[in-house]
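# Residue-level structural notes
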Amino acid sequence: MDSIVLGLVVLSVVLCLGMATESYYVCEAGDEKVLGEYKRDDEMKMDGVDVYSNINELSIFRNKGFWYIGNLA
């Protein structure tokens, strides 16, 4: 869990500074569905910033200023 929190803090700093990339990677997590590459979704934004999704239908997104990893479906 600590690695997810740290990753989200780093991601939020990067996105706030406008240094977003095409994809991000989660390398450590307690749930295997969270691992892997998250690609930017060109058609989706939440809370004014890009949404990044992986092949397991999980997304990294911001809602009301807080960052989450979850299923948006």
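Now for a look at the structure at hand.

So, about the overall build of the protein. Helix and strand counts for the protein stand at 1 helix and 5 strands. Listed by position from the N terminus, the elements making up the protein come as α-β-β-β-β-β. Of all 73 residues assigned to the protein, the portion counted as buried reaches 32%. Counted over contacts in the protein with a minimum sequence separation of 6, partners at least 24 positions apart contribute 25%.

This part covers the sheet that holds strand β2 (residues 36-46). The antiparallel open sheet is built from 5 strands, whose spatial order is β1-β2-β3-β4-β5. Of all the strands in the sheet, the pair left with one neighbour each is β1 (23-26) and β5 (66-70). The sheet shows a mean angle of 35° between the axes of neighbouring strands, taken without regard to direction. Where β1 lies against β2, 4 bridges are found, and the strand directions are antiparallel. Residue pairing for β2: tyrosine 24 is matched across the bridge by tyrosine 38.

This paragraph deals with the nonpolar core. By size, the foremost hydrophobic cluster in this structure holds 9 residues: Tyr24, Val26, Val34, Tyr38, Val49, Tyr52, Leu58, Ile60 and Trp67. Of all the secondary-structure elements, those providing two or more residues to this core are β1 and β3 (49-53).

In this structure, lysine 45 sits in strand β2. Those residues in contact with lysine 45 that lie beyond four places of it in its chain are Asp50 and Val51. Within the local environment of lysine 45, its side chain forms a polar contact with the side chain of aspartate 50, the two groups lying 2.8 Å apart.

As enumerated under the stated definition, the model contains 2 aromatic pairs in all. Seen in terms of ring centroids, tyrosine 24 and tyrosine 52 are 5.0 Å apart; in terms of plane orientation they differ by 75°. Their pairing is edge-to-face. Remark: tyrosine 52 occurs in strand β3 and tyrosine 24 occurs in strand β1; sequence separation between them is 28 residues. Exposure remark for tyrosine 52: the relative accessible area of 0% places this residue in the buried category. Each ring, one from phenylalanine 61 and one from tyrosine 68, has its centre 5.7 Å from the other, and the planes form 25°; the classification is stacked. Judged by relative accessible area, phenylalanine 61 falls into the buried class, the value being 10%.

Cut-offs and rules
- Here, residues in each chain are numbered from 1, in the same order as that chain's written sequence.
- In keeping with the model being predicted, local features are shown solely for residues with a pLDDT of at least 70 and side-chain atom pairs are shown and tallied solely at 80 or more, while totals for entire chains, interfaces and linings include all residues.
- Excluding hydrogens and water, the side-chain values take into account all heavy atoms of the structure.
- In this description a helix means any DSSP run of H or I spanning at least four residues, a strand means any run of E spanning at least two, and both kinds are numbered starting from the N terminus.
- Buried residues are those whose accessible area, probed at 1.4 Å on protein chains only, stays under 20% of the maximum for their type, while exposed residues exceed 50% and partly exposed ones sit between those limits.
- Any two residues whose heavy atoms approach within 4.5 Å at even a single point are treated as in contact.
- Any two strands between which DSSP finds at least two bridges are classified as paired.
- Between the N-to-C directions of two axes lies an angle of 0 to 180 degrees, each axis being a line fitted to C-alpha atoms and, for a helix, fitted only over the stretch in contact.
- The set of buried Ala, Val, Leu, Ile, Met, Phe, Trp, Tyr and Cys residues whose side-chain atoms join them within 4.5 Å is what this entry labels a nonpolar core.
- The definition of a polar contact used here is a pair of N or O atoms within 3.5 Å, where within protein one atom must be able to donate a hydrogen and the other to accept one, and adjacent residues in sequence count solely through side-chain atom pairs.
- Within 6.5 Å between ring centres, the rings of Phe, Tyr and Trp (the latter by its six-membered ring) count as paired, and their orientation is classed by plane angle as stacked under 30 degrees, edge-to-face over 60, tilted in between.

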